[in-house]
Amino acid sequence: MMSIRSLAGACLSAFAALGAFAAPASAQTYPTRTITMIVPFAAGGPTDVISRIVTAHMAQTLGQSIVIENVVGAGGTTATTRAARAANDGYTLVTGHMGTHAASVPLYPKLAYHPEKDFEPVALLAGTPILILARKDFPPKDLKEFVAYVKANAEKVNAAHAGIGSVSHASCELLNSILDVKPVGVPFNGTGPAMNALVAGQVDYMCDQIVNAVPQINAGTIKAYAVATPERNPSLPNVPTTAEAGLPAFQAQAWNAIFAPKGTSPAIIATLNAAANKALDDENVRKRLLDLGSVIPAPANRSPEALATLVKSEIAKWTPVLKPAS
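Here we summarise the structure given alongside this text. A quick note: this is a predicted structure, and the numbers were derived from the prediction, not measured.

The rules behind these values
- Residues numbered from 1 in each chain as written.
- Predicted model: local features only at pLDDT ≥ 70, side-chain atom pairs only at ≥ 80, totals over all residues.
- Heavy atoms only, no water.
- Helix = DSSP H or I, 4+ residues; strand = E, 2+ residues; numbered from the N terminus.
- Buried < 20%, exposed > 50% of the residue type's maximum accessible area, 1.4 Å probe, protein only.
- Polar contact = N/O pair within 3.5 Å; in protein donor to acceptor, adjacent residues only side chain to side chain.
- Contact = heavy atoms within 4.5 Å.
- Axes fitted to C-alpha atoms, helices over the stretch in contact; angles between N-to-C directions.
- Parallel < 35°, antiparallel > 145°, perpendicular 65-115°, else oblique.

A word on the side chain of Thr229. If you trace the backbone, Thr229 turns up in the loop between strand 8 (222-227) and helix 9 (242-245). Residue classification places Thr229 among the buried residues on the basis of a relative accessible area of 8%. Polar contacts involving the side chain of Thr229 include one to the main-chain carbonyl oxygen of Glu231, which spans 2.8 Å. If we ignore the near neighbours within four places in the chain, the residues touching Thr229 are Pro129, Thr241, Gln251, Ala252 and Gln253.

Take a look at the structure:
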């Protein structure tokens, strides 16, 4: 007859064996419920639009809904902090970008998270060129006139942005440093509301991601002076580059990417990355992103490792530019 000690040992072994089989099964069945994608800005902005386009396809691949939760405040850092503190079970993710995962480091000395230490990179979704935009009745007709006008009226003009540390804020800080001006900054809870103010003529100019601007430019409700990339964007063929327009020093392109809380299992990261890649290879998703002016990253640049490298390089790039503004 088996002793009580032997029986207990056998039971523990059995439970251990079951546990060994249970762990892989859990990874294999992910996801089993709805996933929340936190977007750090208001609905209608570029990060929100890109997130919705890509996650709609990802949800089909994963077999579970992905709910977008817009959380505004502090240039996107409020939402990103929330994501960093979420359970690392793959059910809470965040769409980060150059602002939340690079510019925030020099601009927020007491930032509650660190982009490199508190997140697992999942996948790069899209590049978003930056445009210099203005209300439709802003006096300057082209970029050269814009530069001269802003320099002459620096204390009178104002620039809209989506909060300290946002892409619109960081890119305009770069522009203003090149022009050596300090216009009045007007913060909003996202580039969607900022764009609405620009269309309404309530602010003078802003630096914004192309995704947010194409429909308004084509409708003639705002004016675009230049795109801050080496080549013109196919979605706006008539908008010159900053180099063509006389300001080659201003080069800026933002990006959007998916991140998970630190400690999320490699198996879950791999599942999410595969779903994101499948979305970015889908003809309809690609068309929608390209029509908005986005740059779809090459497959080699969509891996978690490539995204980690990008974050590191972006922090190094923006810190010396934005540190004086903090």
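A word on the environment of Gln251. Mapped onto the elements, Gln251 comes out in the loop between helix 9 and strand 9 (253-261). By relative accessible area, which is 28% here, Gln251 ends up partly exposed. With sequence-adjacent residues up to four places away left out, Gln251 is seen in contact with Leu174, Ala228, Thr229, Pro230 and Thr242. At a separation of 3.1 Å, a polar atom in the side chain of Gln251 contacts the side chain of Thr242.

This paragraph deals with the environment of Pro234. Considering the arrangement of structural elements, one finds Pro234 in the loop between strand 8 and helix 9. By relative accessible area, which is 75% here, Pro234 ends up exposed.

For any two helices packed against each other, one specifies the inter-axial angle together with the distance between the axes. Closest axis-to-axis distance for the helix 2 (residues 46-62)/helix 11 (residues 283-291) pair is 10 Å, and the angle between their directions is 175 degrees. Relative to helix 11, the element helix 2 lies roughly antiparallel. Where helix 2 abuts helix 11, its residues Ile50, Ile53, Val54 and His57 lie against Val285, Arg288 and Leu289.

Take the side chain of Asn273 next. As for its position among the elements, Asn273 is in helix 10 (residues 266-280). Overall, the relative accessible area of 13% leaves Asn273 in the buried class. Within polar-contact distance, the side chain of Asn273 engages the backbone oxygen of Val122 at 2.8 Å.

This part covers unusual backbone geometry. In this structure, Pro31 follows Tyr30 across a cis peptide bond, with omega equal to 0 degrees. Within the secondary structure layout, Pro31 lies in the loop between helix 1 (4-29) and strand 1 (35-39). A positive phi is found at Ala74, a non-glycine position, where the angle reads about 55 degrees. When you line up the elements, Ala74 lands in the loop between strand 2 (66-70) and helix 3 (77-84). Residue classification places Ala74 among the partly exposed residues on the basis of a relative accessible area of 37%. One non-glycine residue with positive phi stands out, namely Asp180, at about 60 degrees. Structurally, Asp180 can be placed in the loop between helix 6 (167-179) and strand 6 (184-187).

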